[in-house]
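Listed here are the chains, written in short residue letters.
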Amino acid sequence: MEIKSAIFDMDGTLVDSLMVWDVLWQKFGDKYLGGRPFAPTPEDDKAIRTLPLKNAMELVHTNYNIGKSGQELLDETNEMMVDFYSNTVQLKSGVKEFLENLYNKGVKMCIASATAPNLVKIAMDHCELNKYFPKVFSCGDLGLGKDKPDIYLLAQQYLGTEISETWVFEDSFVAIKTAHDIGMNTVGIYDKFNPYQEEIKKIANHYIADGETLLKL
């Protein structure tokens with residue numbers, strides 16, 4: 001396949017990090033529910049993973065009445081995630097080799113992430129990704145999630161390629177569908193913490209299944 005430009009999600013696509021949500025839900029259960037398990041509904045969980053973190057924590061506070069405010073939950077979440085992205089997160093298998101291949105071919109790349117910009121920067125430093133991604137677009141800066149096309153259109157304008165020549169790499173069905181609906185090529189990437197894998201397979205141009213890596217491409 002020929003790639004002229006590429007927009008990469010970070011969590012679940014470049015880095016193996018989506019287990020952090022399970023850790024966070026356990027923390028919320030321990031602190032606010034007396035040790036009882038906490039988990040959002042499947043619909044809320046789908047939204048949370050693609051919303052800016054501030055909006056996600058407002059949703060959790062409003063829908064489940066935990067914490068004094070969304071801001072309190074946000075502060076706790078940021079503290080935990082800073083530690084995780086600084087010390088624990090790792091690249092998914094095959095990612096470094098694939099990015100190096102694109103870089104050597106002169107493919108222009110950027111990141112479009114729902115993760116807070118400061119956390120993206122920490123993860124990029126920890127995983128040594130800065131060489132490949134001179135520009136990061138964040139849903140947190142836009143105030144819009146990946147259910148809206150704005151972040152992809154901004155990234156595409158930066159990359160300077162036509163929409164039909166722009167490839168989006170994502171692990172979320174919501175994000176894949178948004179990019180697909182505006183005419184971008186998509187690569188769906190399996191992550192065991194993300195639902196809707198069959199739906200991703202149906203609409204993505206290429207799919208990286210369980211046990212496969214981006215080197216398949």
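Residues numbered from 1 in each chain as written. Predicted model: local features only at pLDDT ≥ 70, side-chain atom pairs only at ≥ 80, totals over all residues. Heavy atoms only, no water.

## Side note on the pairing of strand S7 (residues 185-189)
Inference 1: Counting buried residues in S7 gives five out of five residues, a clear majority hidden from the surface.
Inference 2: Alternating positions in S7 separate into two faces, Asn185, Val187 and Ile189 on one and Thr186 and Gly188 on the other, with burial throughout.
Inference 3: Two strands pair when backbone bridges link them, and S7 and strand S8 (residues 206-208) are joined in this way by three bridges, in the parallel orientation. The residue bridging Val187 from the neighbouring strand is His206, located in S8.
Inference 4: Of the crossover connections in this fold, the one passing from S7 over helix H10 (residues 197-203) to the parallel S8 is right-handed. (Buried < 20%, exposed > 50% of the residue type's maximum accessible area, 1.4 Å probe, protein only. Helix = DSSP H or I, 4+ residues; strand = E, 2+ residues; numbered from the N terminus. Pairing = 2+ DSSP bridges. Right-handed = clockwise from strand over helix to strand, strands pointing away.)

## Notes on the layout of surface pockets
Inference 1: Approximately 290 Å³ is the volume found for the largest pocket.
Inference 2: Lining of the largest pocket is provided by 18 residues; of these, Lys92, Ser93, Tyr190, Gly211 and Glu212 occupy positions nearest its centre. (1 Å grid on protein atoms, 1.4 Å probe; cavity = no way out; pocket = protein on both sides within 12 Å on 5 of 7 lines; lining within 4 Å. Points joined across faces, edges and corners; volume = space filled by probe spheres on them.)

## Examining empty space enclosed by the protein
Inference 1: One pass over the structure, following the stated rule, counts one cavity of 30 Å³ or more.
Inference 2: Empty space within the largest cavity amounts to approximately 320 Å³.
Inference 3: Forming the walls of the largest cavity are 27 residues, and the residues nearest its centre are Leu18, Trp21, Arg49, Thr50 and Ala114.
Inference 4: Elements that contribute at least two residues to the lining of the largest cavity include exactly helix H1 (19-32), helix H2 (42-48), helix H4 (70-87) and helix H9 (173-181).
Inference 5: Per-class residue counts for the lining of the largest cavity are 15 nonpolar, five polar and seven charged. (Nonpolar A, V, L, I, M, F, W, Y, C, P; charged D, E, K, R; others polar.)

## Let's talk about the sheet that holds strand S1 (residues 5-8)
Inference 1: Taken in spatial order, the six strands line up as S5-S4-S1-S6-S7-S8 in an open sheet, and their pairing is parallel. Sheet topology places strand S5 (136-138) and S8 at the edges, where each strand pairs with a single neighbour. Each strand axis lies, on average, 20° off the axis of its neighbour in the sheet, ignoring direction.
Inference 2: The sheet contact formed by strand S4 (residues 108-113) and S5 spans three bridges and is parallel. Looking at the pairing, Ile111 lines up with Val136 of S5.
Inference 3: Against the sheet, helix H8 (residues 150-159) makes contact with S1, S4, S5 and strand S6 (166-170), and its axis sits at roughly 160° relative to S4, the strand it touches most.
Inference 4: Those strands touched by H9 are S6 and S7, and its axis lies near 170° from that of S7. (Axes fitted to C-alpha atoms, helices over the stretch in contact; angles between N-to-C directions. Contact = heavy atoms within 4.5 Å.)

## What to know about the environment of Gln156
Inference 1: If you trace the backbone, Gln156 turns up in helix H8.
Inference 2: A sequence separation of 149 residues divides Gln156 from Ile7, and the C-alpha atoms of the two residues are 7.8 Å apart.
Inference 3: Contact partners of Gln156, with chain neighbours within four places excluded, come to Ile7, Thr161, Glu162, Ile163, Thr166 and Met184.
Inference 4: A polar contact is formed between the side chain of Gln156 and the backbone oxygen of Thr161, at a distance of 2.8 Å. (Polar contact = N/O pair within 3.5 Å; in protein donor to acceptor, adjacent residues only side chain to side chain.)

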